[in-house]
Amino acid sequence: AQSVTQLDSHVSVSEGTPVLLRCNYSSSYSPSLFWYVQHPNKGLQLLLKYTSAATLVKGINGFEAEFKKSETSFHLTKPSAHMSDAAEYFCVVNTFYGNQFYFGTGTSLTVIP
Amino acid sequence: EPEVTQTPSHQVTQMGQEVILRCVPISNHLYFYWYRQILGQKVEFLVSFYNNEISEKSEIFDDQFSVERPDGSNFTLKIRSTKLEDSAMYFCASRGSGQGYEQFFGPGTRLTVL
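Now for a look at the structure at hand. No experiment lies behind these values; they were computed from the predicted model shown.

With that out of the way, let us pick up the overall build of chain B. For chain B, the count of helices and strands is zero helices and eleven strands. Its helices and strands taken in sequence order, chain B reads β-β-β-β-β-β-β-β-β-β-β from the N to the C terminus. Taken over C-alpha atoms, the radius of gyration comes to 13 Å for chain B, in line with the 13 Å a tight globule of 114 residues would show. Expressed as a percentage of contacts within chain B between residues at least 6 apart in sequence, the contacts between residues at least 24 apart total 54%. A gap of 2 Å separates the mean positions of the 10 positive and 14 negative side-chain charges of chain B.

The helix and strand inventory of chain A stands at zero helices and twelve strands. Going from N to C terminus, chain A has its helices and strands arranged as β-β-β-β-β-β-β-β-β-β-β-β. In terms of overall dimensions, chain A is globule-like: its C-alpha atoms have a radius of gyration of 13 Å, near the 13 Å expected for 113 residues. Here chain A, with 113 residues, has 46% of them falling under the buried criterion.

Residues and elements named next belong to chain A. Inspection of the secondary structure puts aspartate 85 in the loop between strand E9 (73–78) and strand E10 (87–95). Taking relative accessible area as the criterion, aspartate 85 reaches 4% and is therefore assigned buried. Looking at aspartate 85, its side chain comes within polar contact range of the main-chain nitrogen of histidine 82, at 2.8 Å. Beyond its immediate sequence surroundings of up to four residues, aspartate 85 is in contact with Phe63, Lys78, Ser80, Leu109 and Val111.

A few words now on the state of the cysteines. Going through the model one piece at a time under the given rule, you end up with two disulfides over all chains. For cysteine 23 of chain A, the disulfide goes to cysteine 91 of chain A, at an S-S distance of 2.0 Å. Between cysteine 23 of chain A and cysteine 91 of chain A, the disulfide has an S-S torsion of -65° and is therefore left-handed. Here cysteine 23 of chain A, found in strand E4 (residues 23–26), pairs with cysteine 91 of chain A, found in strand E10; they are 68 residues apart in sequence, far enough to count as distant. Accessibility expressed as a relative area gives 0% for cysteine 91 of chain A, which makes it buried. Each sulfur in the disulfide pair cysteine 23 of chain B and cysteine 92 of chain B lies 1.9 Å from the other. Between cysteine 23 of chain B and cysteine 92 of chain B, the disulfide has an S-S torsion of -65° and is therefore left-handed. Taken as a pair, cysteine 23 of chain B in strand E3 (residues 19–24) and cysteine 92 of chain B in strand E9 (residues 88–95) lie far apart in primary sequence, 69 residues in all. Of the residues examined, cysteine 23 of chain B reaches a relative accessible area of 1% and is grouped as buried.

All names here are of chain B. Judged by pairing direction, the sheet is antiparallel, and its four strands sit side by side in the order E1-E3-E8-E7 without closing on themselves. Each having just a single partner strand, strand E1 (5–7) and strand E7 (65–68) make up the two edges of the open sheet. Strand after strand, the sheet turns through a mean of 20° between neighbouring axes, direction not considered. As defined by bridge partners, E3 adjoins strand E8 (residues 75–79) across five bridges and the pair is classed as antiparallel. Bridging across to E8, leucine 21 finds its partner in leucine 77.

Facing 24 residues of chain A, the contacting portion of chain B comprises 21 residues. Buried surface at the junction of chain A and chain B, summed over both partners, amounts to about 1,900 Å²; 53% is from carbon and sulfur atoms. Connecting chain A to chain B are one salt bridge. A salt bridge links lysine 49 of chain A to glutamate 102 of chain B, with the nearest nitrogen and oxygen atoms 2.6 Å apart. Counting across the interface, chain A meets chain B through three residue pairs in polar contact (both at pLDDT 80 or more). Elements represented by at least two residues in the side of chain A that touches chain B include exactly strand E5 (31–38), strand E6 (44–50), E10 and strand E11 (101–103) of chain A.

The rules we used
Residues numbered from 1 in each chain as written. Chains lettered and ligands numbered in written order. Predicted model: local features only at pLDDT ≥ 70, side-chain atom pairs only at ≥ 80, totals over all residues. Heavy atoms only, no water. Helix = DSSP H or I, 4+ residues; strand = E, 2+ residues; numbered from the N terminus. Rg over C-alpha atoms; globule rule 2.2 N^0.38 Å. Contact = heavy atoms within 4.5 Å. Lys, Arg positive; Asp, Glu negative; His and termini not counted. Charge placed at Lys NZ, Arg CZ, Asp CG, Glu CD. Buried < 20%, exposed > 50% of the residue type's maximum accessible area, 1.4 Å probe, protein only. Polar contact = N/O pair within 3.5 Å; in protein donor to acceptor, adjacent residues only side chain to side chain. Disulfide = S-S within 2.5 Å. Pairing = 2+ DSSP bridges. Axes fitted to C-alpha atoms, helices over the stretch in contact; angles between N-to-C directions. Buried area = accessible area lost by both parts, 1.4 Å probe. Salt bridge = Lys/Arg side-chain N within 4 Å of Asp/Glu carboxyl O.

Remember, this is a structural readout, not a statement about activity or role.
Have a look at this one:
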């Protein structure tokens, strides 16, 4: 069975400080993993993806994520938060050749000026 | 850059009425999806569609729902008799084939059932 757990429903950081959004996955097969961002009243935009190549993945807007198989984790990080990063973030898993994508419950990121 | 489009952006309907939500996926994509997001809740998978048939569906996707690709470009979601609890944002997505191809999402249709 496949599933995704986002460990924090809300994260609040000060502008200029690091961001860490946690995601753990469960998958019977080699997964592909994605982070999407959803700004208020907007659709879902891909931040980055892991597809069995390099375990450290760089995405847009300075975000990175590291795939750690031993910990079944795919945490999203950014060294310095910007006000425009305030949004909802979703971790998503897709199994090898699988057609279904499993969403985490989302983490709401607040950036304090 | 190619994108997924959805119409309308907002649909208001009376309970019991039928609605059709429309999506135009990216033209060379082969897999199509519908998701919904009730206000303040997680994104929920409804259905996936490949090769002109449903490949997977969730428990939410009951007999009230149907999908169709009527003309090779549009991908529609029909709700036959809407209920209050169908009020949500509905997202369409498409992707190419093979592992690691991400889904591209449309901007969503907000459905309000009164």
